[in-house]
Amino acid sequence: MASNGGCPRAIAHGTPRTASGIATLYQAICGRVPGRSHSRSRTATSDGGGDVKFVWELNRLQILQVLAAAGAYGSVPDIIESWMQANPPFEGINWTNGIEAASRVASLLVVLALVDTKLRRRLDPLARRFLSAHVYWIARYPSLHSSANNHRVAELAALFLAGTCAPGLPGAKRYLADGRRDLEQAVLDLFHPDGVGAEQSPTYAAYSLEWFALASLAADKRGTPFSATFHSRLHAAASHLRWMMDDGGRLPRIGDDDEGRVLASCLQREDRYVASVVALLARWLGDPTLQPPASDPHLRDRLPLRRANASATVRAECRLAEDPGTSTTQIKAFGQGGYTIARTGTPHGSLVTVFDHGPLGFGPIAAHGHADALAIWLHWGDEPILIDAGTYLYHSGGVDRDLFRGTGVHNTLEVEGADQSVIAGPFNWSSHARALVIERTASGLIGEHDGYFRRFGVIHRRALFFERNMLVIEDRLVGRPSKTPLRWSIGFLLAPHVAIRIDGHRAEIKTKSGRVLSFCLGSSHLGWAKMPALHSPAFNCRDETLEQLRVGATFGSPQHKQPYVRTVISACCIAPEGSETTCHENAPGAAAQGAWI
């Protein structure tokens, strides 16, 4: 079966067959071999050896899914047995985290579902010992309080799946009953009524949805489906993610993204993971309006489904009605989760703008949120243009962990080089910027946040208005600054492979395919500048070659007594490769009315 980045059958060759083979990979990544000497609380090396996350993810044993999907069963029993010998129950670094144990449960159950009957019988004694230890540990040490997020969803789903697929396990009935009850509540806790994931990360939302979907498929197969409320919340979540997608099936990488997956059919990064999960939900819910415009072949596509079609009313709520031949803009508000999404149909693809006016993240510590209040992201057709800086690393990220979560690398306004929310650790914030919408109109909205009020005496207010092929952004600082002059700046992080041309208060951005955007400032006193910017295109990848379009001044200086900036982004045209393209202004300080050609 083919998949994004290659075929599992080809990947299977040369894969480590035993725990000793996998240990070689440990040494290459972390300079250590896991064993009993590791502290239960150890999460990152302090001697420059590496990051424990890579050890944990190797030990999710998702390579077994790849081997089973490829039909390369022969080494599976040896890998499982040698892993069990190297990792006695409840000892060592691989028994420190419930989500990792849950992931191994999923990997084993996938293997059992894919291998032939003869091998399944051979695996049965190993599988029972393996599952018994894992479900006991997960049930004994649940992720609660600040970790009751996607970690808890994984644990609950793993217990439910194990109880369903292995009813002879000790405690299986309890795992089924408790898992069902707690999953019903978890979907309401992790997703707002409008479908937005409470962790403020599309990829973490998809990760939780994948676990919920697998549990739902198992419940359907048993003839005991989850409640209509459960299904409705999953539908709302899939609808929100579908609204965010560009024509290539990709979404802005908002908040943290560690590229965790439940099912694996190849070892490469899964670029359109969210689209694949939404496609699974579209099939399971029987709603073709949720189907992504594009996704990659995956093991999820082979899952057997037993669901009735979604109601016509539910389907109508999420339908995207844009006409690709016009400049009509659809605006969808997700009020509880805090996003507004505008989609404009153009002859050259959908122009998708996402505006964040929601909470920092889930719960009091907002572990996976970024300081990106009132930020925007913009895709045109299948090309990202205004992007997110990404995540880079967790435990071993050091100062970079803070930089990639900070306000300065996001598409919003920054005051005095400070973050809107105050970082208090790799997964914690001591102060949360509170954002809200204060006004909506037929063509836009106004939002504000108070993240700078206590420290600097000002509130950032941003208005967005959509006018044909133009996005008008108006930024204001409201209040009495606690110091003068007060430095502020606005940045827009540009995607890789775009060309930038600046002429004072005007800038033109040209994408690889020739799409052109004009950025026009409404004040002749201000001018654009190109600044180097950090970017993490994938976990553990750091790129310093990108550029940020930036404008700034001081609040209280003679030229800028009123802290007001008007930026007009015009989607101008498609320019042939190598040509010069200009988006002409209608009047000084006004935005171009770009003509489609």
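The model shown is predicted, which means the values in this text are computed figures rather than measured ones.

Enquirer: Could you give an account of the overall build of the protein, naming the residues involved and the relevant values?
Expert: Helices and strands together make up the secondary structure of the protein, namely 15 helices and 19 strands. Long-range pairs, those at least 24 residues apart, make up 66% of the contacts in the protein with a sequence separation of at least 6. For the protein, the accessible surface area stands at approximately 23100 Å², while carbon and sulfur atoms represent 53% of it.

Enquirer: Give me the sheet that holds strand β3 (residues 351-356): which residues, what numbers.
Expert: Across the sheet, five strands lie side by side as β1-β2-β3-β4-β5; this open sheet has antiparallel pairing. The two strands at the open ends of the sheet, each matched to only one other strand, are β1 (329-334) and β5 (383-386). For this sheet, the mean inter-axis angle between neighbouring strands, taken without regard to orientation, is 20 degrees. By the bridge criterion, three bridges tie strand β4 (residues 376-380) to β5 in an arrangement that is antiparallel.

Enquirer: How would you sum up the nonpolar core? Please name residues and give values.
Expert: Core analysis: the largest hydrophobic core is formed by 98 residues, its most contacted members being Ile80, Leu183, Trp211 and Phe212. Ranked by residue count, the leading element in this core is helix α10 (residues 202-222), at twelve residues. Excluding its chain neighbours within four sequence positions, the residues that come into contact with leucine 183 are Val153, Leu156, Ala157, Phe160, Phe212, Ala215, Phe226 and Phe230.

Enquirer: Tell me about helix α9 (residues 172-190), residues and numbers included.
Expert: Since the α-helix packs 3.6 residues into each turn, any two residues three or four apart lie on the same face. Here α9 contains 19 residues, and its C-alpha end-to-end distance of 25 Å stays within 8% of the 27 Å for a straight helix at 1.5 Å per residue. When α9 is considered as a whole, its buried residues turn out to be Ala172, Tyr175, Leu176, Gly179, Leu183, Ala186, Val187 and Leu190.

Enquirer: An account of the packing of aromatic side chains is needed here, citing residue identities and associated values.
Expert: Counted according to the given criterion, the structure contains 19 aromatic pairs. Of the aromatic side chains, those joined through ring pairs into one cluster are Trp83, Phe90, Trp95, Phe130, Tyr136, Trp137 and Tyr141. Residue placement shows lysine 332 over the ring face of phenylalanine 334; its charged tip is 5.8 Å from the ring centre. A cation over an aromatic ring shows up here: arginine 401 above the ring of phenylalanine 427, its NZ or CZ 4.9 Å from the ring centre.

Enquirer: Any chance you could break down the sheet that holds strand β13 (residues 486-493) for me, citing the residues and the numbers?
Expert: By definition, the strands of a sheet pair up through backbone hydrogen bonds, in either a parallel or an antiparallel sense. One open sheet accounts for four strands, arranged β6-β13-β18-β17; its pairing is antiparallel. At either end of the open sheet lies a strand with only one pairing partner, and these are β6 (413-415) and β17 (529-535). Across the sheet, the axes of successive neighbouring strands diverge by a mean angle of 40 degrees, strand direction being ignored. Two elements, β17 and strand β18 (residues 543-555), share six bridges in a ladder whose sense is antiparallel. By the bridge assignment for β18, histidine 535 is matched with aspartate 543.

Enquirer: An account of the pairing of strand β11 (residues 458-467) is requested, with residue identities and associated values reported.
Expert: Burial within β11 is extensive, with eight of its ten residues counted as buried. Sheet topology places strand β10 (residues 444-449) next to β11; six bridges connect them, and they run antiparallel. Paired with glutamate 448 across the strands is arginine 461, a residue of β11. Of the strand pairs in this sheet, β11 and strand β12 (residues 470-479) are connected by ten bridges, and their pairing is antiparallel. Residue pairing in the sheet places phenylalanine 466 in a bridge with leucine 471 of β12. Counting the residues between successive antiparallel strands, the hairpin from β11 to β12 contains two residues, one of them, arginine 468, with a positive phi of roughly 55 degrees.

Enquirer: How would you summarise the packing of helix α11 (residues 228-244) against helix α12 (residues 273-285) if you had to cite specific residues and measurements?
Expert: At a minimum axis distance of 10 Å, the contact between α11 and α12 shows a crossing angle of 140 degrees. In terms of axis orientation, α11 runs oblique to α12. α11 and α12 meet at a crossing whose hand is left-handed. In this structure, α11 contributes His231, Leu234, His235, Ala238 and Leu241 to the contact, and α12 contributes Val274, Val278, Leu281, Trp284 and Leu285. Of the residues belonging to the contact of α11 with α12, the class tally is eight nonpolar, two polar and no charged.

Basis of the calculations
- Residues numbered from 1 in each chain as written.
- Predicted model: local features only at pLDDT ≥ 70, side-chain atom pairs only at ≥ 80, totals over all residues.
- Heavy atoms only, no water.
- Helix = DSSP H or I, 4+ residues; strand = E, 2+ residues; numbered from the N terminus.
- Contact = heavy atoms within 4.5 Å.
- Areas by Shrake-Rupley, 256 points an atom, 1.4 Å probe, with all protein chains shown as cover.
- Pairing = 2+ DSSP bridges.
- Axes fitted to C-alpha atoms, helices over the stretch in contact; angles between N-to-C directions.
- Core = buried A, V, L, I, M, F, W, Y, C linked by side-chain atoms within 4.5 Å.
- Buried < 20%, exposed > 50% of the residue type's maximum accessible area, 1.4 Å probe, protein only.
- Expected span 1.5 Å × (residues − 1).
- Phe/Tyr/Trp six-rings, centres within 6.5 Å; stacked < 30°, edge-to-face > 60°.
- Lys NZ or Arg CZ within 6 Å of the ring centre and 35° of its normal.
- Parallel < 35°, antiparallel > 145°, perpendicular 65-115°, else oblique.
- Left-handed = near helix turned anticlockwise from the far one by under 90°.
- Nonpolar A, V, L, I, M, F, W, Y, C, P; charged D, E, K, R; others polar.

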